[in-house]
Each structure stands twice: as C-alpha cells, then as structure tokens.
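Examination of the molecular architecture
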Amino acid sequence: MRRKQITTLGQLMDPLAEKLLITAALVSLVQMDLVPAWMASVILGREFAVTVLRSIAHGKGMVIPASAMGKIKMGAEVTAILALILGQVEDLHPLHVIGVIALWVAMVTAIISGVEYYRPFARSGL
C-alpha cells in the first residue's frame, strides 16, 4: 500500500491470501487437536460460501464489500490462531483460554457475517 491505491487485482488477491493462510492454520490446529474439526468446518465453510457468492456477484458486475462483522471475524481468527499456538508453550499456557474464546467469537461472527454477505446477494436476484 505504498501508493495507497486500490486495484482490482489487490481486491481479489488479498482476501484469497487471507483465506489460504487461515485455512492452513486451522487445518494444522485441527491436526494438533487444538481446534475441533466441526468448528474449523463451520469457519471454512463460511469462507468458501462467501468466496463463491462474491465471485458470482463480481461476474454480474455487483460488488459485495467487506462487512464490519467479517473484519471482526478475521481479527478473532488471527487472535485464536496465535493464542492457541503460543498457548502450547508451558509459560504461556493461559493464552490457550484466550485462544478458545477467540475461536468461539470467530465461529459466531463467521455465521453472522455469512448471513450478512448472503442478504444483498439474495435481494439482487442473482
């Protein structure tokens, strides 16, 4: 963001990069038994659904901007991932509790923001 410009490529690639990083982290945390598979499935299912909705809308010339709830979800995901990983260190074990709470926040906001993304799409009749 050196020039503070917004490009079409950036608008498409930035969310994709975020989704790939979150997916890799959540899958790894499921494998480590730090995140229940069903919670990761809900969060990643929302990511997939929103990506499909945004792609279809983009193809029809409609832009679905990021929602405030979606941004909160992303913050909660990053907090959960970081806290769950760091919580494995013996001296930092209390961070695990913060990670679990942030994971629940991420899951709830994933559901709410998923509905928020679906509403304009459904109203447009696409």
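**Overview of helix α2 (residues 37-59)**
Counted at 1.5 Å a residue, the expected span for α2 with its 23 residues is 33 Å, and the 32 Å between its end C-alpha atoms agrees. If you check which residues of α2 are buried, you get Met39, Ala40, Ile43, Arg46, Glu47, Val50, Leu53 and Ala57.

**Structural notes on a nonpolar patch on the surface**
Residues Trp38, Val100, Trp104, Val108 and Ile112 make up a contiguous nonpolar surface patch of about 450 Å² in total accessible area. Within the secondary structure, Ile112 sits in helix α4 (residues 95-124). Using a relative accessible area of 36% as the deciding quantity, one classes Ile112 as partly exposed.

**Observations regarding the confidence of the model for the chain**
Of the residues in the chain, 92% have a pLDDT of 70 or more, and the chain-wide mean is 87. Between the elements of the chain, mean pLDDT differs from a low of 86, seen in helix α1 (residues 8-31), to a high of 94, seen in helix α3 (residues 68-86).

**Re the packing of α2 against α3**
For the pair α2 and α3, interaxial distance at closest approach is 13 Å and the crossing angle is 140°. Classed by the angle they form, the pair α2 and α3 counts as oblique. The way α2 lies across α3 gives a crossing that is left-handed. Residues Ile43, Arg46 and Glu47 of α2 touch α3, and the partners they reach there are Gly70, Lys73 and Glu77. Of the residues assigned to the contact of α2 with α3, the class counts are one nonpolar, one polar and four charged.

**As for the pattern of salt bridges**
Any two side chains of opposite charge can pair if their charged atoms end up close together. Per the stated rule, a full pass over the model turns up four salt bridges. Glu47 serves as the salt-bridge partner of Arg46, at 3.3 Å between the closest nitrogen and oxygen. Its relative accessible area of 9% is what places Arg46 among the buried residues. Between Glu77 and Lys73 there is a salt bridge whose closest N-O contact spans 3.1 Å. Taken together, the positions of Glu77 and Lys73, both in helix α3 and four residues apart, correspond to about one turn of that helix. Here Glu77 falls in the buried class, since its relative accessible area comes to 2%. Here the salt bridges share partners, and the residues they tie into one network are Lys19, Arg46, Glu47, Lys73 and Glu77.

Thresholds applied
Chains are numbered independently. Their residues run from 1 in the order of the written sequence. Given that this is a predicted model, residues contribute local features only at a pLDDT of at least 70 and side-chain atom pairs are listed and counted only at 80 or more, while totals for whole chains, interfaces and linings are drawn from all residues. Hydrogens are left out, water is left out, and the side-chain values use all remaining heavy atoms of the structure. Runs of H or I in DSSP of at least four residues are treated as helices and runs of E of at least two as strands, each being numbered from the N terminus. Multiplying one less than the number of residues by 1.5 Å gives the expected span of a helix. A 1.4 Å probe rolled over the protein chains alone gives each residue an accessible area, and that area as a share of the maximum for its type sets the label: buried under 20%, exposed over 50%, partly exposed in between. Exposure above 30% relative accessible area and no salt bridge define the residues that can form patches, which grow by joining like charges within 9 Å and nonpolar side chains of Val, Leu, Ile, Met, Phe, Trp and Tyr within 5 Å. Per-residue and other accessible areas follow the Shrake-Rupley method at a 1.4 Å probe size, with only the shown protein chains counted as cover for residues. The term salt bridge refers to a side-chain nitrogen of Lys or Arg lying within 4 Å of a carboxyl oxygen of Asp or Glu. Within a predicted model, pLDDT stands for the predictor's per-residue confidence, ranging from 0 to 100. Angles shown run from 0 to 180 degrees and are taken between the N-to-C directions of axes, each axis being a line fitted to C-alpha atoms and, for helices, limited to the stretch in contact. Note on angle classes: values under 35 degrees are labelled roughly parallel, values over 145 roughly antiparallel, values of 65 to 115 roughly perpendicular, and the remainder oblique. Rotating anticlockwise by less than a right angle from the far helix to the near helix defines a left-handed crossing, while the corresponding clockwise rotation defines a right-handed one. In this description, contact between two residues means that some pair of their heavy atoms is separated by no more than 4.5 Å. Polarity classes work like this: nonpolar for Ala, Val, Leu, Ile, Met, Phe, Trp, Tyr, Cys and Pro, charged for Asp, Glu, Lys and Arg, and polar for all others, with Gly in that last group.

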